[in-house]
Structure formats: structure tokens, C-alpha cells
Amino acid sequence: DHAKEFGKLVIQDAGGRMKPVNTFSSELLRKVSKKDCLALFWKRFCTSVPHPLAYLFHFNFYRFVELHPRAKRFYKNENAMQQHADGIVHLLDSILQMLGPDVEFIEEILRQVGVRHAKMGVNVCFFPFLGDSLVWALEQTIGNEMTDERREAWNRVYDAISEEIIKATSIT
């Protein structure tokens with residue numbers, strides 16, 4: 001399996017240490033959330049809900065457009081909106097799987113996302129609404145399991161992700 005082999009690939013972090021990609025990625029979550037609870041929660045969520053990512057972002061994206069109706073004009077049709085929602089889900093899922101203490105690799109991915117958003121003319125004012133809708137969607141999906149601690153962890157993760165994307169939109 002290509003993913004397993006990629007995880008064994010040895011890379012050098014910013015401090016000069018050599019480590020497998022899997023180690024590098026698993027450490028970022030602890031750096032961002034300060035705990036492993038978010039990764040465990042995400043894993044449990046993904047195994048307990050049928051089609052969890054599609055389910056979550058169905059809620060999220062429609063809440064996003066409800067909170068910021070002007071965002072809908074960026075999408076030609078419902079299919080384009082669904083494709084973007086799927087892209088967000090996959091980005092979030094990938095980042096959560098790659099988290100670890102050294103964030104340079106993830107930051108580079110997010111910079112590339114920011115550059116693409118800048119080229120498309122996306123206004124950064126949309127980002128807080130998307131974050132609010134993400135947390136709202138998680139609350140709708142998991143109910144009582146969304147504790148204050150988890151809500152705060154998700155807000156910190158989303159803020160860190162969106163901050164990197166937004167920085168890149170201002171550079172281009």
C-alpha cells in the first residue's frame with residue numbers, strides 16, 4: 001500500500017532531526033491541540049458515523065452558506081459547492097492525520113491552498129464563517145460528545161489552519 005510506504009519515508013525536520021513521515025505527522029496534533037484527545041475523537045467519529053465526512057460537511061457547508069449568503073456566488077451550481085465541501089473535508093482529514101510537533105510540511109500545504117484561494121479571488125472574510133459552521137456541524141453530528149474542551153480544541157485547530165491559508169492569500 002502506497003500510504004504505508006509513504007509513512008515510512010524518512011524526512012528531515014526544521015531542527016535537522018531525521019524521522020519517518022508518520023512520526024512527523026502524528027506529532028503536529030499534539031502541538032496544535034496540546035492533547036491527543038482531538039485525534040482520538042476524530043478517529044472515533046469517523047468510525048461511528050456512516051459516510052462521516054460527507055455527513056459532516058453536508059451540515060457544515062449548508063450552514064456556511066446560511067451564515068454568509070454571499071459565499072454562494074462563488075459556486076456555479078450545487079455540484080461545485082459539493083466538490084468544494086469534499087475538498088475541505090479531505091484537507092481537514094489529511095491535516096489531522098499528518099499532525100505532529102514540526103509543522104513546516106503542513107504549513108507549506110496550507111500556503112498552497114491559500115495561493116489557490118487568492119487566485120480565485122476568495123475573500124478572507126469567509127473563513128470565520130466556515131469555522132463557525134464546522135464547529136456547529138460537529139455539534140449537530142455528535143451531540144453531547146461535543147464538550148467545551150473539544151469545541152475549544154476544534155476552534156484552535158481551525159484557527160491555526162485558516163491562519164496559514166489567510167497568510168498565503170496576502171502574500172500573492
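Everything here concerns the structure above.
Residues numbered from 1 in each chain as written. Predicted model: local features only at pLDDT ≥ 70, side-chain atom pairs only at ≥ 80, totals over all residues. Heavy atoms only, no water.

**So, the overall build of the chain**
Using the following cut-off: The secondary structure listing takes helices from DSSP runs of H or I that are at least 4 residues long and strands from runs of E that are at least 2 residues long, numbered from the N terminus. Residue exposure (1.4 Å probe, protein chains only): buried if accessible area is under 20% of the type maximum, exposed if over 50%, otherwise partly exposed. Contacts were defined at the residue level, with two residues in contact if any of their heavy atoms lie within 4.5 Å. Per-residue and other accessible areas were derived by the Shrake-Rupley procedure at a 1.4 Å probe size, with only the shown protein chains allowed to occlude residues.
Check the secondary structure of the chain and you find eight helices and two strands. From first element to last, N terminus to C terminus, the chain shows the α and β order α-β-β-α-α-α-α-α-α-α. Out of the 172 residues in the chain, the part that is buried amounts to 40%. When contacts within the chain are restricted to residue pairs at least 6 apart in sequence, long-range pairs at least 24 apart make up 69% of them. Element-wise, carbon and sulfur atoms account for 56% of the exposed surface of the chain, whose accessible area totals about 9,900 Å².

**Focus on the packing of aromatic side chains**
Put simply, the rule reads: Only Phe, Tyr and Trp rings take part, Trp by its six-membered ring, and two of them pair if their centres are within 6.5 Å. Stacked means planes under 30 degrees apart, edge-to-face means over 60, and tilted covers everything else.
Using the criterion set out here, one finds one aromatic pair in the structure. Seen from their ring centres, F64 and F126 are 6.3 Å apart, and the 85 degrees between their planes marks the pair as edge-to-face. Here F126 lies in helix α7 (residues 126-142) and F64 lies in helix α4 (residues 52-67), a separation of 62 residues in the sequence. According to the relative accessible area criterion, F64 is buried, its value standing at 4%.

**Here we look at the nonpolar core**
Stated formally: As used in this record, nonpolar core signifies buried Ala, Val, Leu, Ile, Met, Phe, Trp, Tyr and Cys residues forming a set joined through side-chain atoms within 4.5 Å.
Core analysis: the biggest nonpolar cluster contains 30 residues, and F61, F64, W154 and I161 have the highest contact counts within it. Contributions of two or more residues to this core are made by α4, α5 (78-98), α6 (104-120), α7 and α8 (148-171). Considering every element that reaches this core, the biggest residue donor is α5, with eight residues. Apart from the residues within four sequence positions on either side, F61 is in contact with Y75, M81, H84, A85, I88 and L130.

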